[in-house]
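If you want the building blocks of each chain, they are given just below.
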Amino acid sequence: MPDVRIVEGVKSRAAVAGHPLHPMIVPFPVAMLPAALLTDIVFALTSNAFWAGASFWLLAGGVVTGALAAVLGLIDFASIPRVRAVKDGWIHFLGNAAALVIAIANVLLRFGNVADPIVPLGLGMSAVVALILVVTGWYGGELTYRHGVGVVGPPASRP
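The following refers to the structure shown.

What counts as what
Residues numbered from 1 in each chain as written. Predicted model: local features only at pLDDT ≥ 70, side-chain atom pairs only at ≥ 80, totals over all residues. Heavy atoms only, no water. Helix = DSSP H or I, 4+ residues; strand = E, 2+ residues; numbered from the N terminus. Buried < 20%, exposed > 50% of the residue type's maximum accessible area, 1.4 Å probe, protein only. Contact = heavy atoms within 4.5 Å. Core = buried A, V, L, I, M, F, W, Y, C linked by side-chain atoms within 4.5 Å. Salt bridge = Lys/Arg side-chain N within 4 Å of Asp/Glu carboxyl O. Phe/Tyr/Trp six-rings, centres within 6.5 Å; stacked < 30°, edge-to-face > 60°.

1. Concerning the environment of A130
Argument step 1. Mapped onto the fold, A130 is located in helix α6 (residues 118-145).
Argument step 2. Note on A130: relative accessible area 13%, which makes it buried.
Argument step 3. Between the C-alpha atom of A130 and that of V119, which follows or precedes it by 11 residues, the distance is 16 Å.
Argument step 4. If near-sequence neighbours (up to four positions away) are discounted, A130 is found in contact with P34 and L37.

2. Brief notes about the nonpolar core
Argument step 1. Within the largest apolar cluster, 11 residues are counted, these being L33, A36, F56, L59, V63, A99, A103, V107, V129, I132 and L133.
Argument step 2. Every element with two or more residues in this core is listed here: α2 (27-46), α3 (49-79), α5 (87-110) and α6.
Argument step 3. Residues V10, F77, V86 and V149 belong to the second largest nonpolar core, which totals 7 residues.

3. Side note on the pattern of salt bridges
Argument step 1. Tallying each qualifying case throughout the model produces 3 salt bridges.
Argument step 2. Note that D88 is salt-bridged to K87, the shortest N-O span being 3.9 Å.
Argument step 3. Residue R146 is joined to E142 by a salt bridge in which the shortest nitrogen-to-oxygen separation is 2.6 Å.
Argument step 4. A residue is classified by how much of its surface remains accessible, and R146, at 36% relative accessible area, is partly exposed.

4. Overview of the packing of aromatic side chains
Argument step 1. Inspection of the entire model under this criterion finds 6 aromatic pairs.
Argument step 2. Summarising the aromatic geometry, the rings of F77 and W90 are spaced 4.8 Å apart at their centres and angled 90° between planes, so their arrangement reads as edge-to-face. Pair noted here: F77 is in helix α3 and W90 is in helix α5, with a separation of 13 residues, a long-range link.
Argument step 3. Assessed through its relative accessible area of 38%, W90 is described here as partly exposed.
Argument step 4. Through a chain of ring-to-ring contacts, the aromatic side chains of F56, W57 and F111 assemble into a single cluster.

Structure representation (structure tokens):
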């Protein structure tokens, strides 16, 4: 029999009109930072400067929106004991913090010269960030769907 836990939902502390803000912002860095890996790969294959510039701006946008998502996530992490009580919360928190630090370093590495640092260091950093986001995204889903974080209402009202 599968492990099915019925958990009463706990509202996000970073919310507007009951809607959690963290999951509204997360799709931006989750899209931009892995997209930077793709544009890094295309640059490495073509040496076309357009792709180096695209990578830089995707990383910069991912860092800005990732920082906003981090602030909103930190509000929930600090204010909801259930999040800190499970390993899923810690993996999500620490992994995303690591991804953001690496992405910031990647932007700083390229600042003033977007092309030269891509191969191999920038591309490697982009790959590590993308891999981390796959793992932390899984654990973010665990927080929502298994632990009821950001879910409003009793379990019976959820599909």
